[in-house]
Amino acid sequence: MNIGAADLEALWLTLRLAAVTTLLLLVIGVPLAWKLSHWQSRWRHGVEVLITLPLVLPPTVLGFYLLLLFSPNHASGQWLAGVWGEPLVFSFTGLVIASVIYSLPFMVQPLLASFSQNGKRLTRAAAALGMPPHAALLKVLLPASRPAIVSACALTFAHTLGEFGVVLMIGGAIPGETQVVSIALYQHVEALEYGAAHRLALVLLVVTTALLLLARWLGRAVSEAQREERFMGVPG
Amino acid sequence: MELSLPLFRRAIQSLDCDGLSVQGLVTSLNADTPWELALPAQGIFGLTGPSGGGKSTLLAALAGLRGCAGKIGFGGVAWQSGRRGLATHRRDLSLAFQDSSLFGGQTVADNLALAHRYSRRPLAPEERAELIECFGITPLLRQPVELLSGGEAQRVAVLRQLFSNAAVQLYDEPLAAVDRLQVIRKLLPRLRAFWARHPALVIWTSHDFDEIQLLATQCLWMERGALNGPLPVRAVARRLQLDSLDRESCFSRIEARVLSQEEGLLTLSLGDATLYADRVAGRYKVGQSIAFLLGSGDIGLCLEQPGLSSILNCLAVELREIVPLAGGRVRLRLAVGEQEFSADISRLSRERLQLREGERYFAQFKASSLAGL
């Protein structure tokens, strides 16, 4: 298969963006979900809605507000550019920040569900064996939540791969800086280059499918078949 | 400002007390009947009573895992004072839950290692290996905990708590799913030996009174949110055996003194009589006082002293009471000196032997029927 240098660059950029976003979200998402699962305040619902918002909000709306926030024409954008050293709009850093917000629910929701289901029981059991709360999180709750963590990472990664609306709004299509695969694909179609569009689309399809399969395999919990094998001697 | 003297004295007393002291402890379950409890720093205490009586609630409140108000102190450390409580992991205690609550996504060995790592009194490697072997966990060490059966999970949970070796050990129906004979013949004697070596305050909750009378000499009783005791186990046993007349058989606790032990055969003295127990798991010292259980279905009765027989044990007993059971059987309450035990025989045997309350007979049972040694 023959993929152009520009498209390869777009692919590499997209993978980098997805990887950085997933990593950042893992670091943010675990403590956030842990805190939320414990938090008994009326503000909890508000915060949960806020986190879920990117799930239902049209990406262009999110992108529009971020564009305003990052814009050097506004005080906020000037301040951010001052802190970071360069304008965030139309930059890779800007894309990362946008992706983190955009994919936040895909990381936090599975973790929150898993923590809420097992968290209380397991942290109580850990505390009743003398384990302090941080040890209960790291050594008990995280290993028990492995399937949820793997699937949260896979969803976040895949979701960031397919990002389009937000990127269009705040990133534009600067090759090597902000031109991700979905944008490159769109541009090929616009230019009636169906061959190149086909190749990119196929790559994205294959990568995403492989990723989800890998996640299923990594995140597999102990299955019913294994139980059966152990107790009945029937190979699962 | 004037200091209220009685209150002050009470506070000092609770600090002086070495063991566990609970004063005016109130939860949502017992708003009208505050719990009062004073237990020594070492000893094994049973906790029993009807379901919904508040046993689990009491244990959770002691561990600081549910909202409560009042005073709890152990060894001079205030665990709870009013509504403010010390965090659970800072209390020198461990609690095993009814559902085992093993740590998922990890193996049995991982679970045990975590308990060992956070223990305040870690056990030596040889002792850990021996306990694992004795609890039958060795073949399970590499298994993910999700693959365990209910009984296996409970054995691992109890072992995990032994590895933690806390000063106060709370057990909430910890072996309910484990085979009853395995519990009585193997696990409980091993637990008793463990606590003899590592003294702790143990509260053992169970619906199975046999477990309690084998482990403990005193017992707490909870009913409809009210906490009573500690009471002598024998008093509670009487009452429970009358309650459980429909059950197939029951165990009675008997205490005796060790005369000698060789090659698994233990010789005991009970009053004037000598008893024999074979297939004995534990190691005992000569002169030591020990307790065992005798199943009511394992005892036969004779009118006269029997001659030589392969049934090694024969006790002169007084028949105190005859209670009819369902299914054509009767339960006899027999006494040797101060100690009492139950024997179930058929109604036909009773008529043939013409048994009468107040008369003296001979009770026979095999050396293999002494459980819990």
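Keep in mind the model is a prediction, meaning the values are calculated, not measured.

As for the overall build of chain A
For step 1, the next point in the chain: Along the backbone of chain A there are eleven helices and zero strands.
For step 2, the next point in the chain: Ordered by position in the sequence, the α and β elements of chain A form the string α-α-α-α-α-α-α-α-α-α-α.
For step 3, the next point in the chain: Its C-alpha atoms give chain A principal-axis dimensions of roughly 60 × 50 × 30 Å.
For step 4, the next point in the chain: Scored against the burial criterion, the 236 residues of chain A give a buried share of 44%.
For step 5, the next point in the chain: Taking all contacts inside chain A whose residues are at least 6 apart in sequence as the whole, residues at least 24 apart take part in 72%.
For step 6, the next point in the chain: Of the roughly 12500 Å² of accessible surface on chain A, 68% is carried by carbon and sulfur atoms.
For step 7, the next point in the chain: The distance from the centre of the 14 positive side-chain charges to the centre of the 11 negative ones in chain A is 21 Å.

Remarks on empty space enclosed by the protein
For step 1, the next point in the chain: Using the criterion set out here, one finds three cavities of 30 Å³ or more in the structure.
For step 2, the next point in the chain: Around the second largest cavity sit Ala125(A), Leu129(A), Leu95(B), Ala96(B), Phe97(B), Ala157(B), Arg160(B) and Gln161(B), which together line it.
For step 3, the next point in the chain: Breaking the lining of the second largest cavity down by element, the ones donating at least two residues are β7 (93-96) and α5 (150-164) of chain B.
For step 4, the next point in the chain: Per-element accounting of the lining of the second largest cavity gives the leading share, three residues, to α5(B).
For step 5, the next point in the chain: Taken together, the residues of the lining of the second largest cavity sort by class into six nonpolar, one polar and one charged.

Points about the interface of chain A and chain B
For step 1, the next point in the chain: With 22 residues of chain A at the contact, the number on the chain B side is 31 residues.
For step 2, the next point in the chain: Of the roughly 2200 Å² buried between chain A and chain B, counting both surfaces, carbon and sulfur atoms make up 63%.
For step 3, the next point in the chain: Of all residues in chain A, Arg124(A), Leu129(A) and Arg230(A) bury the most surface against chain B, accounting for 29% of the area lost on that side.
For step 4, the next point in the chain: Counting every contact that joins chain A to chain B gives one salt bridge.
For step 5, the next point in the chain: Across the pair Arg121(A) and Asp99(B) runs a salt bridge, and its minimum N-O distance is 4.0 Å.
For step 6, the next point in the chain: Taken together, the connections running from chain A to chain B amount to three residue pairs in polar contact (both at pLDDT 80 or more).
For step 7, the next point in the chain: Of all the secondary-structure elements, those providing two or more residues to the side of chain A that touches chain B are α5 (92-127), α6 (133-144) and α11 (224-232) of chain A.
For step 8, the next point in the chain: Within the side of chain A that touches chain B, the residues separate by chemical class into 15 nonpolar, two polar and five charged.

Focus: the UniProt feature "transmembrane region" (unreviewed entry) in chain A
For step 1, the next point in the chain: Mapped onto the present numbering, the UniProt feature "transmembrane region" (unreviewed entry) falls at residues 12-34, 46-68, 88-112, 148-176 and 196-218 of chain A.
For step 2, the next point in the chain: The distance separating the terminal C-alpha atoms of residues 148-176 of chain A is 33 Å; by composition the span is 69% helix and 0% strand.

Quick look at the sheet that holds strand β6 (residues 84-85) of chain B
Residue and element names in this part refer to chain B.
For step 1, the next point in the chain: Strand order across the open sheet formed by five strands is β2-β1-β4-β5-β6, with antiparallel pairing between neighbours. Because the sheet does not close on itself, it has two edges, and the strands there are β2 (35-39) and β6.
For step 2, the next point in the chain: Pairing of strand β5 (residues 77-82) with β6 involves two bridges; the strand directions are antiparallel. Counterpart to Ser81 in the pairing with β6 is Arg84.

So, the confidence of the model for chain B
All names here are of chain B.
For step 1, the next point in the chain: Model confidence for chain B is summarised by a mean pLDDT of 86, while 92% of its residues fall at 70 or above.
For step 2, the next point in the chain: Taken together, the stretch residues 1-16 has pLDDT below 50 and engages in seven contacts with residues farther than four places along the chain or on a different chain.
For step 3, the next point in the chain: In the predicted assembly, ipTM is 0.76 and pTM is 0.77.

Observations concerning helix α7 (residues 146-161) of chain A
All names here are of chain A.
For step 1, the next point in the chain: The end-to-end C-alpha separation of α7 is 23 Å, in line with the 22 Å expected for 16 residues at 1.5 Å each.
For step 2, the next point in the chain: The buried fraction of α7 is high, at twelve of 16 residues.
For step 3, the next point in the chain: Of all the positions in α7, only Ala148, Ile149, Val150, Ala152, Cys153, Ala154, Thr156, Phe157, Ala158, His159, Thr160 and Leu161 are classed as buried.

Some remarks on the domain arrangement of chain B
Residues and elements named next belong to chain B.
For step 1, the next point in the chain: Here the domain parsing of chain B yields domain 1 (5-243) and domain 2 (251-371).
For step 2, the next point in the chain: The C-alpha centroid of domain 2 is placed 32 Å from the C-alpha centroid of domain 1.
For step 3, the next point in the chain: Each partner contributes to the interface: domain 1 provides twelve residues, whereas domain 2 provides 19 residues.
For step 4, the next point in the chain: When domain 1 packs against domain 2, close to 1400 Å² is buried across both sides, 45% of that on carbon and sulfur atoms.
For step 5, the next point in the chain: At the junction of domain 1 and domain 2, the tally comes to zero salt bridges.
For step 6, the next point in the chain: Summed over the shared surface of domain 1 and domain 2, the number is four residue pairs in polar contact (both at pLDDT 80 or more).
For step 7, the next point in the chain: Listing elements by their share of the side of domain 1 that touches domain 2, those giving two or more residues are α6 (180-197), α7 (209-215) and α8 (233-243).

Side note on the UniProt feature "domain: Mop" (unreviewed entry) in chain B
For step 1, the next point in the chain: Look at the UniProt record and you will see "domain: Mop" (unreviewed entry) annotated at residues 308-373 of chain B.
For step 2, the next point in the chain: Strand forms 55% of residues 308-373 of chain B and helix 11%; the C-alpha atoms that close the span are 25 Å apart.

Focus on the UniProt feature "domain: ABC transmembrane type-1" (unreviewed entry) in chain A
For step 1, the next point in the chain: Mapped onto the present numbering, the UniProt feature "domain: ABC transmembrane type-1" (unreviewed entry) falls at residues 11-215 of chain A.
For step 2, the next point in the chain: The span residues 11-215 of chain A is 81% helix and 0% strand, and its two end C-alpha atoms sit 21 Å from each other.

So, the side chain of Gln106(B)
For step 1, the next point in the chain: Mapped onto the elements of the fold, Gln106(B) is located in the loop between β7 and α3 (108-117).
For step 2, the next point in the chain: Within the structure, the side chain of Gln106(B) is placed 2.7 Å from the backbone oxygen of Lys139(A), a separation counted as a polar contact.

Thoughts on the packing of aromatic side chains
For step 1, the next point in the chain: Counting across every chain of the model gives six aromatic pairs over all chains.
For step 2, the next point in the chain: Taking 5.4 Å as the distance between ring centres and 65 degrees as the angle between the ring planes, the aromatic pair formed by Phe164(A) and Tyr186(A) counts as edge-to-face. Of this pair, Phe164(A) sits in the loop between α7 and α8 (165-170) while Tyr186(A) sits in helix α9 (residues 181-190), and the two are 22 residues apart along the sequence.
For step 3, the next point in the chain: Ring centres of Trp195(B) and Trp204(B) lie 6.2 Å apart, and the angle between their planes is 70 degrees; this geometry places the pair in the edge-to-face category.
For step 4, the next point in the chain: Overall, Trp195(B) belongs to the buried group, its relative accessible area being 5%.
For step 5, the next point in the chain: Classification of Trp204(B) as buried rests on a relative accessible area of 0%.
For step 6, the next point in the chain: An aromatic cluster is present here, built from Tyr171(B), Trp195(B) and Trp204(B) joined pairwise through their rings.
For step 7, the next point in the chain: One residue, Arg16(A), lies across the ring of Phe92(A), its end atom 4.9 Å from the ring centre.
For step 8, the next point in the chain: A cation sits over an aromatic face here: Arg160(B) above Phe103(B), 4.4 Å from the ring centre.

Parameters and conventions
- Residues numbered from 1 in each chain as written.
- Chains lettered and ligands numbered in written order.
- Predicted model: local features only at pLDDT ≥ 70, side-chain atom pairs only at ≥ 80, totals over all residues.
- Heavy atoms only, no water.
- Helix = DSSP H or I, 4+ residues; strand = E, 2+ residues; numbered from the N terminus.
- Buried < 20%, exposed > 50% of the residue type's maximum accessible area, 1.4 Å probe, protein only.
- Contact = heavy atoms within 4.5 Å.
- Areas by Shrake-Rupley, 256 points an atom, 1.4 Å probe, with all protein chains shown as cover.
- Lys, Arg positive; Asp, Glu negative; His and termini not counted.
- Charge placed at Lys NZ, Arg CZ, Asp CG, Glu CD.
- 1 Å grid on protein atoms, 1.4 Å probe; cavity = no way out; pocket = protein on both sides within 12 Å on 5 of 7 lines; lining within 4 Å.
- Points joined across faces, edges and corners; volume = space filled by probe spheres on them.
- Nonpolar A, V, L, I, M, F, W, Y, C, P; charged D, E, K, R; others polar.
- Buried area = accessible area lost by both parts, 1.4 Å probe.
- Salt bridge = Lys/Arg side-chain N within 4 Å of Asp/Glu carboxyl O.
- Polar contact = N/O pair within 3.5 Å; in protein donor to acceptor, adjacent residues only side chain to side chain.
- UniProt positions renumbered as here; feature names shortened; annotations may be inferred.
- Pairing = 2+ DSSP bridges.
- pLDDT = per-residue confidence, 0-100.
- Expected span 1.5 Å × (residues − 1).
- Domains from an automatic or database assignment.
- Phe/Tyr/Trp six-rings, centres within 6.5 Å; stacked < 30°, edge-to-face > 60°.
- Lys NZ or Arg CZ within 6 Å of the ring centre and 35° of its normal.

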